[in-house]
There are 2 protein chains.
Amino acid sequence: MTRSDKLKSVGLRVTQQRQLVLAALDAIRHGTPEEILTEVTKTAPGVNLSTIYRCLEVLEKSNLITHTHLGHGAPTYHVVDGDPHIHLRCSNCQRVFSLPAALAEATSTAIKANNGFVIDPYHITFEGLCENCTKDSK
Amino acid sequence: MTRSDKLKSVGLRVTQQRQLVLAALDAIRHGTPEEILTEVTKTAPGVNLSTIYRCLEVLEKSNLITHTHLGHGAPTYHVVDGDPHIHLRCSNCQRVFSLPAALAEATSTAIKANNGFVIDPYHITFEGLCENCTKDSK
DNA sequence: CTCGTTGCAAAAGATTTGCATTATG
DNA sequence: CATAATGCAAATCTTTTGCAACGAG
């Protein structure tokens, strides 16, 4: 599905900027509003940061994208496409890893059974230490 | 262990403010810097917000407390005590639930096996819909 | 006493908002 | 064309920082 079609399918106006934001997220997979602007600016200078914020807001409201919090005050947006994936963020080296959300299935099920809470698989982020940093700290 | 002892045990100076922050977190379980200040101010007016930030920073560095991100730009701090617990945040009603971290054990294990990443059980936060809001949306 | 902590005020970021202009449907 | 979306600048909010005064060890 083209980005234009994606927008139409949820009833949003097809603007240059919204397509640019979606394209940027396709390119960088995930990023903060600032990072998205940087990517957008590569192909279309002149887009305003507040427009990025507004685009992200409507795109998220329409479930075309979602965001999660990786580390301090840095909301990270990414497209909602094929496979949901979870994020792992290393508290030591700050790197972000992505893994298939299937790995969290067991926990989702356990929690739903426990108190009825339904987890959004696109939003999952774990903090911890990556393999490298685990070694280093030894 | 008293709050004074906690601070001593990790080699931090025992100041009024640090004890107040720990006390506030004991009282409210978890909260943003702003919320913590509000709680602290109840018993000790005059404490500065930047002091709260600095206290949170050192307390976290010494592993007396930890934080996670619940929703937009709102870091939430809480004490590290007995049982690690995970947070569930309802994207609809914004309420936060706590559950024993044991529920996430399976996933932790799976991820460690998958790529060596070691998850910090105190940092886990899931977004989704709570039982009530799931019903409502039907 | 000495050096780490705090309060205060100002700086630095991040996000939001009002309004005139532009572009989509 | 009407109206929603954008650009721009200013307003907010959150978090950080410099520095002088203060307090713990």
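All figures in this text were calculated on a predicted structure; none of them were measured in a lab. For every chain, the first residue of the written sequence is number 1, and numbering continues from 1 along that sequence. To read the labels, note that chains go from A and ligands from 1, taken in the order they are written. Totals for whole chains, interfaces and linings use all residues, but because this is a predicted model, local features are given only for residues with pLDDT of at least 70 and pairs of side-chain atoms are given and counted only at 80 or more. Working from all heavy atoms in the structure, the side-chain values ignore hydrogens and water.

Student: Help me get a handle on the domain arrangement of chain A, residues and values and all.
Tutor: All names here are of chain A. Residue ranges for the domains originate in an automatic or database domain assignment. Segmenting chain A into domains produces domain 1 (3-79) and domain 2 (85-136). The centre of domain 1, based on its C-alpha atoms, is set 23 Å off from the matching centre of domain 2. Domain 1 puts 10 residues into the contact, and the matching count from domain 2 is nine residues. Accessible area that two parts lose when put together, with a 1.4 Å probe and added across both, is what the buried area reports. Here domain 1 and domain 2 share an interface that buries about 770 Å² over both sides, 59% of which is from carbon and sulfur atoms. Here, a salt bridge means any side-chain nitrogen of Lys or Arg that lies within 4 Å of a carboxyl oxygen of Asp or Glu. Our enumeration of links across domain 1 and domain 2 arrives at zero salt bridges. In protein, a polar contact requires one atom able to donate a hydrogen and another able to accept it; more generally it is a pair of N or O atoms within 3.5 Å, and residues adjacent in sequence count only if both atoms are side-chain atoms. Between domain 1 and domain 2 we count four residue pairs in polar contact (both at pLDDT 80 or more) in total. Put simply, DSSP H or I for four residues or longer makes a helix, DSSP E for two residues or longer makes a strand, and each gets a number counted from the N terminus. It is strand 2 (residues 65-69) that provides the largest number of residues to the side of domain 1 that touches domain 2, a total of four residues. For this scheme, ten residues count as nonpolar: Ala, Val, Leu, Ile, Met, Phe, Trp, Tyr, Cys and Pro. Four count as charged, namely Asp, Glu, Lys and Arg, and the remainder, Gly too, count as polar. Of the residues belonging to the side of domain 1 that touches domain 2, the class tally is one nonpolar, seven polar and two charged. Residue contacts follow a heavy-atom distance rule, with two residues in contact if any of their heavy atoms lie within 4.5 Å.

Student: Which residues make up the protein's contact with DNA strand C, and what are the values?
Tutor: For DNA strand C, the set of nearby residues contains 18 residues, the closest of which are A:Val14, A:Tyr53, B:Gln17, B:Arg18 and B:Thr51. Summary of the distance rule: residues count as near a molecule or strand when at least one heavy atom falls within 4 Å of that molecule or strand. For DNA strand C, the backbone makes up 69% of the atoms found within 4 Å of the protein, where backbone means sugar plus phosphate. Note that a phosphate oxygen of DNA strand C is positioned 2.9 Å from one of the side-chain N or O atoms of B:Thr15. Breaking the surface near DNA strand C down by element, the ones donating at least two residues are helix 4 (49-61) of chain A together with helix 2 (16-28) and helix 4 (49-61) of chain B. Here the residues of the surface near DNA strand C are counted per class, giving six nonpolar, seven polar and five charged.

Student: Provide a residue-level description of the side chain of A:Thr68, including the pertinent values.
Tutor: Residue and element names in this part refer to chain A. Within the secondary structure, Thr68 sits in strand 2. Looking at Thr68, its side chain comes within polar contact range of the main-chain oxygen of His123, at 3.3 Å. Ignoring anything within four residues of it in the chain, the contact list for Thr68 reads Ala74, Pro75, Thr76, His87, His123 and Thr125.

Student: Account for the nonpolar core, with residues named and values stated.
Tutor: Nonpolar side chains tend toward joint burial in soluble globular proteins. Grouping buried Ala, Val, Leu, Ile, Met, Phe, Trp, Tyr and Cys residues that are joined through side-chain atoms within 4.5 Å yields what is termed a nonpolar core. The classification of residues rests on relative accessible area computed with a 1.4 Å probe and restricted to protein chains. Under 20% of the type maximum is buried, over 50% is exposed, and intermediate values are partly exposed. Membership of the largest hydrophobic core comes to 28 residues, with the highest contact counts inside it found for A:Ile86, A:Ile111, A:Phe126, B:Ile86, B:Ile111 and B:Phe126. Once residues within four sequence positions are removed from consideration, B:Ile86 is found in contact with A:Ile111, B:Phe97, B:Ser98, B:Leu99, B:Pro100, B:Ala101, B:Ala104, B:Pro121, B:Ile124 and B:Phe126.

Student: A description of helix 4 of chain B should follow, citing residues and the corresponding values.
Tutor: All names here are of chain B. Expected helix span is computed as 1.5 Å times (number of residues minus one). Taking 1.5 Å per residue as the helical rise, helix 4 with its 13 residues ought to reach 18 Å, and the 19 Å between its terminal C-alpha atoms agrees with that figure. If you check which residues of helix 4 are buried, you get Ile52, Cys55, Leu56, Leu59 and Glu60. Considered in projection along helix 4, the buried side chains sweep an arc of 125 degrees and stay on one side of the axis. Residues of helix 4 that are exposed and angled more than 90 degrees away from the buried face: Arg54 and Lys61. Within two residues after helix 4, Asn63 carries a phi angle of roughly 65 degrees, on the positive side. The arc under discussion is defined with respect to the helix axis, by the directions toward the C-beta atoms.

Student: Account for the environment of B:Thr66, with residues named and values stated.
Tutor: Residues and elements named next belong to chain B. In this fold, Thr66 is placed in strand 2 (residues 65-69). Here the alpha-carbon distance between Thr66 and His78, two residues 12 residues apart in the chain, equals 5.7 Å. Those residues within four positions of Thr66 in sequence are excluded, and the remaining contacts are Glu60, Thr76, Tyr77, His78, Val80, Tyr122 and His123. At 2.8 Å, the side chain of Thr66 forms a polar contact with the side chain of His123.

Student: Quick one: what's the story with empty space enclosed by the protein, residue by residue and with numbers?
Tutor: Buriedness of a pocket was judged along seven lines, with at least five required to meet protein on both sides within 12 Å; pockets are open sets of points on a 1 Å grid over the protein atoms alone, cavities are sets where a 1.4 Å probe fits but cannot get out, and lining residues have an atom within 4 Å of a point. Grid points are joined across faces, edges and corners, and a volume is the space filled by probe spheres set on the points. Summed over the entire model, instances satisfying the criterion amount to one cavity of 30 Å³ or more. A volume near 150 Å³ is recorded for the largest cavity. Lining the largest cavity are A:His67, A:Thr68, A:His69, A:His123, A:Thr125, A:Glu127, B:His67, B:Thr68, B:His69, B:His123, B:Thr125 and B:Glu127. Broken down by secondary-structure element, the contributors of at least two residues to the lining of the largest cavity are strand 2 and strand 7 (125-129) of chain A together with strand 2 and strand 7 (125-129) of chain B. Across the lining of the largest cavity, the residue classes break down as no nonpolar, 10 polar and two charged.

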